[in-house]
Structures are given as C-alpha cells and as structure tokens.
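Spelled out from the first residue to the last, the chains are:
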Amino acid sequence: MLVAGFPAGAWGTNCYLVAPAAGEECIIIDPGHQAAEGVEEALAKHRLKPVAVMLTHGHIDHVASVVPVCGAHDVPAWIHPEDRYMMSDPEKALGRTIGSQLMGELTVGEPDDVAELTDGATLNLAGLELTVAHAPGHTKGSVTFRMPEQADVPPVFFSGDLLFAGSIGRTDLPGGDHAEILRSLARVCLPQEDETVVLSGHGPQTTIGRERAANPFLRDVAAGGPGSGGIDIAPRRGM
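This structure is a prediction, so every number in the text was calculated from the model and none was measured.

Re the environment of isoleucine 181
(1) Moving on: Mapping isoleucine 181 onto the fold places it in helix H6 (residues 178-189).
(2) Moving on: It is 9.8 Å that separates the C-alpha atoms of isoleucine 181 and serine 142, two residues lying 39 residues apart in sequence.
(3) Moving on: Residue contacts for isoleucine 181: discarding those within four places in its chain leaves Pro136, Gly137, His138, Asp161, Leu162, Ile168, Gly169 and Thr171.

Written out as structure tokens, the structure is:
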C-alpha cells in the first residue's frame with residue numbers, strides 16, 4: 001500500500017493520497033488550504049489516478065482545496081451530512097471571521113458531486129477498503145477512516161482531528177463538545193489494536209498503542225476517568 005502525505009497551507013493540515021501501489025487509482029483525504037499543488041505533484045510522482053476525495057470533517061483547513069481538486073479530476077467529495085454546510089459557509093462553521101485576506105485565497109463552495117458518509121459504512125474505492133466511523137466532538141460531522149490489516153501492513157487509521165500524537169482535537173468552536181469527543185475516543189479509538197498506525201489531521205504519525213500509553217486524554221478515557229478534569233486543549237496546529 002502507498003500512502004503519500006504532506007502538510008499543507010497556513011494550518012499545516014495533513015493531506016494524504018492513498019493507493020494500493022504506485023501507478024494505480026487512489027483516494028485523496030483532506031485536501032486543505034493550498035493543497036492543490038501538492039496533490040498534483042504527488043499524483044505525478046506516483047503516477048496515480050484519483051477516484052474520490054474523502055473528508056474527515058468540514059473545517060476550512062481540511063476542505064479549502066476540495067473544489068479545485070475535484071474539478072480537475074472530475075471526482076466526488078465524500079463528507080458527513082452534518083458538516084456539509086461548512087464547505088459553503090466556513091465562517092459560520094468557525095464562529096469567527098477568517099479574515100478577508102485569507103478568504104481571498106480560498107475556494108468556498110461545493111464540488112459538483114458530493115456523496116454523504118454514514119457511520120459504520122464500508123467503502124471500496126480505488127481497490128481499498130475503508131470503514132467509516134462517525135466520531136463527533138471536534139465537529140458534529142467528524143468521521144474517521146480505518147483500513148484493515150493487509151499482508152504485512154498493520155491497520156491504518158485516518159483520525160482527522162479526533163486524535164493526535166499526544167493530544168486530541170479542540171472543542172471550543174461551533175459544533176464542538178468535549179464530553180462528546182471523549183465518548184468518540186472511547187468508542188472509536190480504544191477498541192483498535194495497539195499496532196494500528198494513526199495518521200491524523202495535524203502532526204506526526206503515531207500508533208494506538210503509543211497513544212493508549214502516553215496520551216493523557218486516551219489514557220484517562222481508558223481508565224474510566226472524567227476526561228482530564230474537563231480541561232480542553234487545542235491541537236498544535238489547525239482549527
């Protein structure tokens with residue numbers, strides 16, 4: 001399996017291109033701010049043909065390049081229905097102005113083809129199997145994507161802004177809910193195998209086992225605690 005990832009734009013949001021191998025079809029996960037050029041470079045380098053854009057949630061730092069990327073390759077964008085409005089109205093989603101200078105750089109709106117993600121769905125795209133889990137807390141429509149173990153490749157978990165290396169997603173923006181994100185961590189993350197590779201929306205890759213042992217939020221949830229006393233922290237980058 002091939003995973004080509006790179007941090008994009010002002011928020012350093014990780015965009016991933018995933019394929020069975022070089023020279024084959026691929027999916028693109030979270031093409032955010034200023035990601036279109038990096039996407040095209042990765043497609044050319046690995047000789048990939050995109051078949052879909054997959055969105056872990058609707059914040060602008062994860063969807064800003066959806067329209068140009070989908071338009072250039074005539075592919076659909078998949079998003080949970082509760083976050084779909086964010087593509088057309090990012091300021092409402094953030095509860096604050098992004099700034100006119102930055103907004104001038106963004107392509108706001110929906111691509112021509114939008115498909116909706118549902119909890120528990122198994123999608124077969126580009127020769128890949130992805131299981132969708134609705135994981136609200138960072139936003140109402142946040143989702144994760146999990147790929148099962150294949151041969152010598154451990155399971156891969158695209159966590160979006162649910163789980164980071166050493167942290168979790170912020171919950172102080174509209175649609176955020178700290179108690180909800182803790183429930184999502186317990187339901188979606190804890191049952192996974194320790195060797196599962198976590199590729200998150202911001203920051204470096206990690207594993208479920210590493211986060212189970214060292215992430216204060218996941219450790220507290222696993223112990224049945226109150227969730228770090230209700231203290232909420234933001235990720236190092238992003239929204």
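Focus on the nonpolar core
(1) Moving on: In terms of nonpolar packing, the biggest core is built from 31 residues, with Leu17, Ile28, Val39, Val53, Leu55 and Val66 touching the most fellow members.
(2) Moving on: Of all the secondary-structure elements, those providing two or more residues to this core are strand S1 (2-8), strand S2 (13-19), strand S3 (25-29), helix H1 (36-46), helix H2 (60-63), helix H3 (66-73) and strand S5 (77-79).
(3) Moving on: Ranked by residues supplied to this core, first place goes to S1 with four residues.
(4) Moving on: Setting aside residues no more than four positions away along its own chain, isoleucine 28 makes contact with Cys15, Tyr16, Leu17, Val39, Pro50, Ala52, Val53, Met54 and Val69.

What about unusual backbone geometry?
When glycine is set aside, most residues are seen to have a negative phi, and most peptide bonds are trans.
(1) Moving on: If you check the backbone angles, arginine 47 has positive phi at about 55 degrees while not being a glycine.
(2) Moving on: By secondary structure assignment, the location of arginine 47 is in the loop between H1 and strand S4 (49-54).

A short note on the packing of H1 against H3
(1) Moving on: Between H1 and H3, whose axes approach to 9 Å, the crossing angle comes to 35 degrees. Contact residues: Ala36, Val39, Glu40 and Leu43 in H1; Val69, Ala72 and His73 in H3.
(2) Moving on: Within the contact of H1 with H3, the residues separate by chemical class into five nonpolar, one polar and one charged.

A closer look at the sheet that holds strand S8 (residues 128-134)
(1) Moving on: An order of S7-S8-S9-S10-S13-S14 is seen for the six strands of this open sheet, with the pairing classed as mixed. Taken across any chain shown, the strands that pair with only one partner, and hence form the sheet edges, are strand S7 (122-125) and strand S14 (206-207).
(2) Moving on: Pairing of strand S13 (residues 197-200) with S14, which is carried by two bridges, proceeds in the antiparallel orientation. Looking at the pairing, valine 198 lines up with threonine 206 of S14.
(3) Moving on: Docked against the sheet, H6 engages S8, strand S9 (143-147) and strand S10 (156-160), running at close to 145 degrees with respect to S8.

Some thoughts on the sheet that holds S1
(1) Moving on: An order of S1-S2-S3-S4-S5-S6 is seen for the six strands of this open sheet, with the pairing classed as mixed. Strand pairing shows two members of the sheet lacking a second neighbour, S1 and strand S6 (114-116), which therefore form its edges. Here the average twist between neighbouring strands, direction ignored, is 25 degrees.
(2) Moving on: Here three bridges tie S2 to S3, and the two strands are oriented antiparallel to one another. Bridge pairing in S3 links tyrosine 16 to isoleucine 29.

So, the pairing of S4
(1) Moving on: With five bridges connecting them, S3 and S4 associate as parallel partners. Counterpart to isoleucine 27 in the pairing with S4 is alanine 52.
(2) Moving on: With H1 bridging S3 and the parallel S4, this β-α-β connection has right-handed handedness.
(3) Moving on: Inspection of the sheet shows S4 paired to S5 by two bridges, in the parallel sense. When the sheet's bridge partners are listed, methionine 54 is paired in S5 with tryptophan 78.

Considerations on the pattern of salt bridges
Between side chains of opposite charge, pairing is possible as soon as their charged atoms come close.
(1) Moving on: Going through the model one piece at a time under the given rule, you end up with seven salt bridges.
(2) Moving on: Between arginine 183 and glutamate 180 there is a salt bridge, with its nearest N and O atoms 3.3 Å apart. Pair noted here: arginine 183 and glutamate 180 are both in helix H6, with a separation of three residues, about one helical turn.
(3) Moving on: Across the pair arginine 212 and aspartate 194 runs a salt bridge whose closest N-O atoms are separated by 2.8 Å. Taken together, the positions of arginine 212 in helix H7 (residues 208-214) and aspartate 194 in the loop between H6 and S13 put the pair 18 residues apart, joining distant regions of the chain.
(4) Moving on: Residue classification places aspartate 194 among the partly exposed positions, given a relative accessible area of 42%.
(5) Moving on: Among the ionic contacts, a cluster of salt bridges with common partners joins Arg84, Glu110 and Glu116.

Each value, and the rule that gives it
Residue positions are given per chain, counting from 1 as you read along its sequence in written order. pLDDT decides what is reported in this predicted model: residues at 70 or higher carry local features, side-chain atom pairs at 80 or more are listed and counted, and totals for whole chains, interfaces and linings draw on all residues regardless. Derived side-chain values reflect all non-hydrogen atoms in the structure, with water molecules and hydrogen atoms excluded from consideration. Secondary structure is summarised from DSSP: a helix means a run of H or I of at least four residues, a strand means a run of E of at least two, and numbering begins at the N terminus for each. Note on definitions: a residue-residue contact is assigned when non-hydrogen atoms from the two residues lie within 4.5 Å. Here, nonpolar core means buried Ala, Val, Leu, Ile, Met, Phe, Trp, Tyr and Cys residues that are tied together by side-chain atoms lying within 4.5 Å of each other. Categorising residues by exposure relies on relative accessible area from a 1.4 Å probe, with only protein chains included: less than 20% of the type maximum marks a residue as buried, more than 50% marks it as exposed, and the intermediate range marks it as partly exposed. Axis definition: a line fitted to C-alpha atoms, over the contacting stretch in the case of helices. Angles run 0 to 180 degrees between N-to-C directions. Residues are grouped as follows: nonpolar covers Ala, Val, Leu, Ile, Met, Phe, Trp, Tyr, Cys and Pro; charged covers Asp, Glu, Lys and Arg; every other residue, Gly included, is treated as polar. Any two strands with at least two DSSP bridges between them are considered paired. Orient the strands so they point away from the viewer; a crossover is then right-handed if the path from the first strand over the helix to the second runs clockwise. Basic side-chain nitrogens of Lys or Arg form a salt bridge, by our definition, when they fall within 4 Å of a carboxyl oxygen of Asp or Glu.

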